[in-house]
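Coordinate inspection notes
Residues per chain are reported as follows:
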Amino acid sequence: MDSIDAAIVNHLQEGLPVCARPFDAVAVTLGISVDELLSRLQCLLDDKVLTRFGPMFNAESMGGALSLCAMQVPADRYDEVAGQVNAFPEVAHNYEREHLLNMWFVIATERPQQAGIVISQIEQATGCRVYDMPKQQEFYIGLKLAV
Amino acid sequence: MTGKPQATSKAQQDGQSLDAIDRQIIVATQAGLPLVAEPFAALAEQLGLESEEVLQRVADMQARGVIRRIAAVPNHYALGYTVNGMSVWNVSDEHITELGRLIGGLDYVSHCYQRPRHLPLWPYNLFAMVHGRSSDDVVAKLGTIADLLGEHCRGHEVLYSKRILKKTGLRIKA
């Protein structure tokens, strides 16, 4: 990754204008052609420096719900339970963390009431209690990682 | 601890106001935007729509907050931010809104939320995801947060991630 790639990563975290040729202004700022910007962007995605480029959707504004859930999973059943939890398409992210509550996952559903149903199903499938921690206030989403 | 009932009902209205074409656009761009000079025209062609209509609908969805922004999502790990700590803080409910805004405004905090406690196991109500290039880096940043919270903080922990078990984008069905 060279300095132009780094500048692309920094600039494109900010958000593009919604217009017919949204890459033009960024290309001018970076002093490269749109074609070069696009091919470098494709490489950054292929190399997994970026996980995604596109609209960032807000589940709640689509009528859906997101909830963070935690479970205390016995060590000897950890991978089995991870498989059971991950099998639910509503589970968007799942992380192993160092704590008594050692599995943390995000449930994304299109309707708020579906989240509770999925949580019950996960409890039934795994035999572990799910601690539901839906957000009550959001203070900020997004960060600017300087490269 | 109000839980913002007004925001919820507005969000539900917005959700109901997405029509079939909006949903087609969402489904077509969930994996990403076409990487061409005129991505909305490419999207329009793919969906059999006029590009003006696609642009207008995307702009409307952004104005309504359905789309936060059109941007790149970095892979923290690939950028050298290899340590992410979910810091959790037990702060007084009376001050949580001002404290949350303060901590959420820090540039190394990616997500900052108030969430419910589950006593006695879980006394923490303020969550802030902190990203750093090393454990020392994250520890230093946590020290800054602790100083900012000061006497309003009754305890905290940081939960480091050991393993990503699953990571997919938001997926909705057509």
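Residues numbered from 1 in each chain as written. Chains lettered and ligands numbered in written order. Predicted model: local features only at pLDDT ≥ 70, side-chain atom pairs only at ≥ 80, totals over all residues.

1. So, the overall build of chain A
Looking only at helices and strands, one finds 5 helices and 6 strands in chain A. Going from N to C terminus, chain A has its helices and strands arranged as α-α-α-β-β-α-β-β-α-β-β. Taken against the 2.2 N^0.38 rule, which gives 15 Å for 147 residues, the C-alpha radius of gyration of chain A at 20 Å runs more than 25% over that of a compact globule. Of all 147 residues assigned to chain A, the portion counted as buried reaches 35%. When contacts within chain A are restricted to residue pairs at least 6 apart in sequence, long-range pairs at least 24 apart make up 56% of them. (Helix = DSSP H or I, 4+ residues; strand = E, 2+ residues; numbered from the N terminus. Rg over C-alpha atoms; globule rule 2.2 N^0.38 Å. Buried ≥ 20, exposed ≤ 12 C-beta atoms within 10 Å, placed from the backbone. Contact = placed C-beta atoms within 7 Å.)

2. Structural notes on the domain arrangement of chain B
Each assigned domain of chain B is listed with its residue range as follows: domain 1 (5-63) and domain 2 (83-160). Domain 1 of chain B and domain 2 of chain B are separated by 34 Å when their C-alpha centres are compared. (Domains from an automatic or database assignment.)

3. Quick look at the interface of chain B and chain A
The interface of chain B with chain A comprises 74 residues on the first partner and 61 residues on the second. Taken together, the elements giving at least two residues each to the side of chain B that touches chain A come down to helix H1 (5-16), helix H2 (20-29), helix H3 (39-47), helix H4 (51-63), strand S1 (67-74), helix H5 (96-104), strand S3 (109-114) and strand S5 (153-167) of chain B. Here the side of chain B that touches chain A takes 9 residues from S5(B), the largest share from any one element. Residue composition of the side of chain B that touches chain A, grouped by class: 38 nonpolar, 22 polar and 14 charged. Relative to S1(B), strand S1 (residues 50-57) of chain A is paired through 7 bridges, and the arrangement is antiparallel. (Nonpolar A, V, L, I, M, F, W, Y, C, P; charged D, E, K, R; others polar. Pairing = 2+ DSSP bridges.)

4. What to know about the nonpolar core
If you look at the biggest cluster of nonpolar residues, it comprises 50 residues, and the most contacted ones within it are A:Val9, A:Cys69, A:Val85, A:Met103, A:Phe105, A:Ile107 and B:Val58. Tallying contributions element by element places strand S4 (residues 103-109) of chain A first for this core, with 5 residues. The next biggest cluster of nonpolar side chains, apart from the first, holds 23 residues, and it includes B:Leu99, B:Met129, B:Val130 and B:Leu149. (Core = buried A, V, L, I, M, F, W, Y, C linked by C-beta atoms within 7 Å.)

5. Some words on the packing of H2(B) against H3(B)
Residue and element names in this part refer to chain B. Interhelical geometry of H2 versus H3 gives an angle of 115° and a closest axis separation of 11 Å. As far as their axial angle goes, H3 and H2 are roughly perpendicular. The way H2 lies across H3 gives a crossing that is right-handed. Along its contact with H2, which presents Gln24, Ile25, Ala28 and Thr29, the element H3 presents Leu43, Gln46 and Leu47. (Axes fitted to C-alpha atoms, helices over the stretch in contact; angles between N-to-C directions. Parallel < 35°, antiparallel > 145°, perpendicular 65-115°, else oblique. Left-handed = near helix turned anticlockwise from the far one by under 90°.)

6. Focus: the environment of B:Asp93
Within the secondary structure, B:Asp93 sits in the loop between strand S2 (83-91) and H5. Between the alpha carbons of B:Asp93 and B:Gln114 there is a distance of 9.5 Å; along the sequence they are 21 residues apart.

7. A short note on the confidence of the model for chain B
Residue and element names in this part refer to chain B. Taken as a whole, chain B shows an average pLDDT of 87; of its residues, 87% reach a score of 70 or greater. Looking across chain B, the model is least confident in H1, with a mean pLDDT of 45, and most confident in H3, with 97. Between residues 1-14, whose pLDDT stays under 50, and residues either more than four places distant or in other chains, the model counts 13 contacts. Across the whole predicted complex the pTM is 0.73, and at the interface the ipTM reaches 0.73. (pLDDT = per-residue confidence, 0-100.)

8. Some remarks on helix H1 (residues 3-12) of chain A
Residues A:Ile8, A:Val9 and A:Leu12 constitute the buried set of H1(A). Angular distribution of buried residues about the axis of H1(A) spans 95°; they occupy a single face of the element. Buried positions along H1(A) lie against helix H2 (24-30), helix H3 (34-46) and S1 of chain A together with S1 of chain B. (Arc of directions from axis to C-beta.)

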